[in-house]
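Architecture and fold: a report
Residues per chain, in single letters:
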Amino acid sequence: MKTKFLLAAALMPLFTVAQGGNNEPKDFESGKLQLGMRTVVSAFSDSKYSGFGLGGQFRLKLQNRLNTEWFADYITTNVDDYASRTDVHVGWAVQYYPFNYLMTKGSFIPYVEAGHCFDYTQIDLNTSNPLTYYSTLQSLSRWSSAVHMGLGSTYNISNNFDVSLAAMYMLHLGDDLHTEVVKGPSDIPTVELSKGHESLEGHLLITLSLNVYIGDLWGREKK
Amino acid sequence: MKTKTLFFLMLVSSLLLAQDEQKKEPFIRRGLLRNEATFSTGSMFSQGVTNVYLQGGIEYYISDNVSIRGEGYYFVTSLGDAQPFAFHHSVMSGASYHFRTKNHFDPYFGFAPGVSITALKFPPPYICDPGPCMGDPTPGKTAVDPLATLHLGFNLYFQRWFHLFMETNYIYGRHFSNYNPESLSELRFSFGLGWNVFVLKKRT
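All residue numbers refer to positions counted from 1 along the written sequence of the respective chain. Working convention: letters from A go to chains and numbers from 1 go to ligands, in the order in which they are written. Local features in this predicted model are restricted to residues whose pLDDT is 70 or higher, and side-chain atom pairs enter the listing and the counts only when it is 80 or higher, whereas totals over whole chains, interfaces and linings include all residues.

**With respect to the overall build of chain B**
- Starting at the N terminus, helices and strands are each numbered in turn, a helix being any DSSP run of H or I of at least four residues and a strand any DSSP run of E of at least two. Of the regular secondary structure elements, chain B holds two helices and nine strands.
- Written out in order from the N terminus, the α and β elements of chain B read α-β-β-β-β-β-α-β-β-β-β.
- Here a residue counts as buried when 20 or more other C-beta atoms fall within 10 Å of its C-beta, as exposed when 12 or fewer do, and as partly exposed in between; the C-beta atoms come from the backbone. Every one of the 204 residues in chain B was classed for burial, and the buried ones make up 35%.
- Counted over contacts in chain B with a minimum sequence separation of 6, partners at least 24 positions apart contribute 60%. Placing C-beta atoms from the backbone, we regard two residues as in contact once those atoms come within 7 Å.

**Observations regarding the overall build of chain A**
- Looking only at helices and strands, one finds one helix and eight strands in chain A.
- Put simply, chain A runs from its N terminus to its C terminus through helices and strands in the order α-β-β-β-β-β-β-β-β.
- Counting only residues that meet the buried cut, chain A has 38% of its 223 residues in that class.

**Quick word on the environment of Thr77 of chain B**
Residues and elements named next belong to chain B.
- Examined against the element boundaries, Thr77 turns out to sit in strand β3 (residues 66–79).
- Judged by C-beta crowding, with 12 C-beta atoms within 10 Å, Thr77 ranks as exposed.
- For the pair Thr77 and Asn51, spaced 26 residues apart in the sequence, the C-alpha separation amounts to 5.9 Å.

**Topic: the interface of chain A and chain B**
- If you look at the interface, chain A gives 24 residues, while chain B gives 26 residues.
- Counting residues per element, the ones that place at least two in the side of chain A that touches chain B are β1 (32–43), β2 (51–61), β3 (66–79), β6 (139–158) and β8 (189–216) of chain A.
- The nonpolar class holds Ala, Val, Leu, Ile, Met, Phe, Trp, Tyr, Cys and Pro. Asp, Glu, Lys and Arg form the charged class, and all remaining residues, Gly among them, are polar. In the side of chain A that touches chain B, the residues fall into 10 nonpolar, 12 polar and two charged.

**As for the nonpolar core**
Residues and elements named next belong to chain A.
- One nonpolar core equals one set of buried Ala, Val, Leu, Ile, Met, Phe, Trp, Tyr and Cys residues connected by C-beta atoms within 7 Å. Core analysis: the biggest nonpolar cluster contains 11 residues, these being Val40, Phe52, Leu54, Ile75, Cys117, Ala146, Val147, Ala166, Met168, Met170 and Leu205.
- Broken down by element, the residue count for this core peaks at three residues, all from strand β7 (residues 161–183).
- One finds Tyr82, Leu125, Leu131 and Val191 within the second-largest nonpolar core, a separate group that totals 10 residues.

**So, the pairing of strand β5 (residues 108–125) of chain A**
All names here are of chain A.
- Pairs of strands are assigned from DSSP output, requiring at least two bridges between the strands. Relative to β5, strand β4 (residues 83–96) runs antiparallel, the two sharing 14 bridges. In the strand pairing of β5, Ala83 is matched with Leu125.
- In this structure, β5 lies alongside β6, joined through 17 bridges in antiparallel fashion. In the sheet register, Ala114 faces β6, and the bridge partner there is Met149.

**Considering the environment of Val79 of chain A**
All names here are of chain A.
- Relative to the elements of secondary structure, Val79 occurs in strand β3.
- C-alpha separation for the pair Val79 and Pro25, spaced 54 residues apart in sequence, amounts to 51 Å.
- The residues touching Val79, leaving out its near neighbours within four places in the chain, are Tyr49, Ser84, Arg85, Ile123 and Thr179.

**Concerning the confidence of the model for chain B**
- Across the chain, each position has a pLDDT score giving the predictor's confidence in that residue, from 0 to 100. Looking at chain B as a whole, the pLDDT averages 85, with 79% of positions reaching at least 70.
- Per the prediction output, this complex has pTM 0.84; the corresponding ipTM is 0.81.

**Some words on the environment of His178 of chain A**
Residue and element names in this part refer to chain A.
- Here His178 is to be found in strand β7.
- Of the residues examined, His178 has 15 C-beta atoms within 10 Å and is grouped as partly exposed.
- Separated by 131 residues in sequence, His178 and Ser47 place their C-alpha atoms 8.1 Å apart.
- Setting aside residues no more than four positions away along its own chain, His178 makes contact with Ser194 and Gly196.

**Thoughts on the pairing of β7 of chain A**
Residue and element names in this part refer to chain A.
- Sheet analysis places β6 next to β7, joined by 13 bridges and oriented antiparallel. Across the sheet, residue Gly150 finds its bridge partner in β7, namely Met168.
- From the end of β6 to the start of β7, which pair antiparallel, there are two residues.

**What about unusual backbone geometry?**
Residue and element names in this part refer to chain A.
- Phi at Asp80 takes a positive value of approximately 50 degrees, unusual for a residue other than glycine.
- With respect to the helices, strands and loops of the structure, Asp80 is situated in the loop between β3 and β4.
- In this structure Asp80 comes out as partly exposed when scored by C-beta crowding, with 14 C-beta atoms within 10 Å.
- Phi angles above zero are rare outside glycine, and Asp81 is one such case at about 70 degrees.
- By the element assignment, Asp81 lies in the loop between β3 and β4.

In structure tokens, the structure reads:
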């Protein structure tokens with residue numbers, strides 16, 4: 001319930017801004033398809049570990065001010081040297097351009113983004129670390145789903161290429177995975193993996209992406 | 001080594017002077033396709049390791065200033081006593097920004113995300129030092145690790161077909177296996193002769 005309320009509150013400004021588009025010029029931007037690569041940094045998670053990864057995405061514009069992004073990320077995180085965490089995100093997002101929206105050389109396009117993804121997380125223990133010698137589990141994984149929202153901006157270096165920087169807060173809806181150092185046999189410190197109950201686990205996702213314009217899928221580009 | 005550097009600098013300067021005689025207009029433009037294959041070396045400062053790679057790459061200029069590229073590095077060996085990796089191959093895909101000059105000289109910089117496929121050759125020294133090996137004394141498991149690279153370099157194009165290139169890559173990444181994480185940060189250098197062709201006609 002709390003999540004739904006948060007999501008509705010977060011999306012409200014988008015709808016409000018969207019009302020101001022009565023004097024919009026004819027839609028020449030829809031259908032534009034871009035393909036890109038990105039570097040991803042995951043920070044400020046509940047477990048306090050930062051991750052680093054890469055991903056890819058394509059973007060398909062539906063209107064002058066409305067873009068969609070379809071992405072996949074692969075992120076690895078070091079957990080205090082005794083374990084590594086791997087996250088895979090596959091999802092989509094809607095980008096709204098409240099100000100500038102033309103994909104032309106030199107244009108700076110800020111945007112608001114909200115989206116959803118499915119994610120897979122796996123934690124593997126570093127079996128050479130003494131803290132793991134008596135661990136019950138060596139690996140643990142889970143599927144979950146997540147929503148995210150954030151701000152970004154795109155700079156068009158040329159008419160067919162842009163660089164985008166975005167920061168999004170991602171909220172995972174599902175079981176959480178924990179690592180914890182507990183007292184093992186003979187009180188020897190031991191890492192234990194566990195799956196928490198349904199919870200809201202969040203982190204900040206910062207992406208730096210390179211996007212190449214591929215083409216206009218339904219040919220509304222202004223000649 | 002010093003002689004080779006001097007020879008290279010003389011070669012570059014004479015080529016630059018030669019370009020000066022010709023009509024002064026930018027050589028690089030949209031539609032230029034170039035590729036290369038060479039050996040490159042990389043220094044991992046944190047481990048004190050020098051790696052040798054067989055490198056191949058392809059690059060396409062999507063506009064007069066911007067190119068997209070893909071490149072692969074096949075790990076050949078590490079030089080010297082330290083041999084931490086069984087293999088450490090990598091692929092990257094990204095883009096470069098080119099400073100347009102009015103000759104055939106093409107300086108650029110860029111960014112490319114990538115991945116490495118890496119396995120440690122032996123258990124790291126901390127496992128066996130001091131005393132007997134603890135834990136699992138087997139080679140590291142193979143892992144796919146994300147990378148991010150910044151590159152800086154230049155191309156020097158001849159009249160057609162060929163060019164010289166020189167590039168430095170800074171690579172950031174970490175390798176996760178059944179051992180403690182290993183830094184994959186590395187400075188790679190590559191130099192060689194590449195091949196190029198214009199696949200689009202010049203706009204008039």
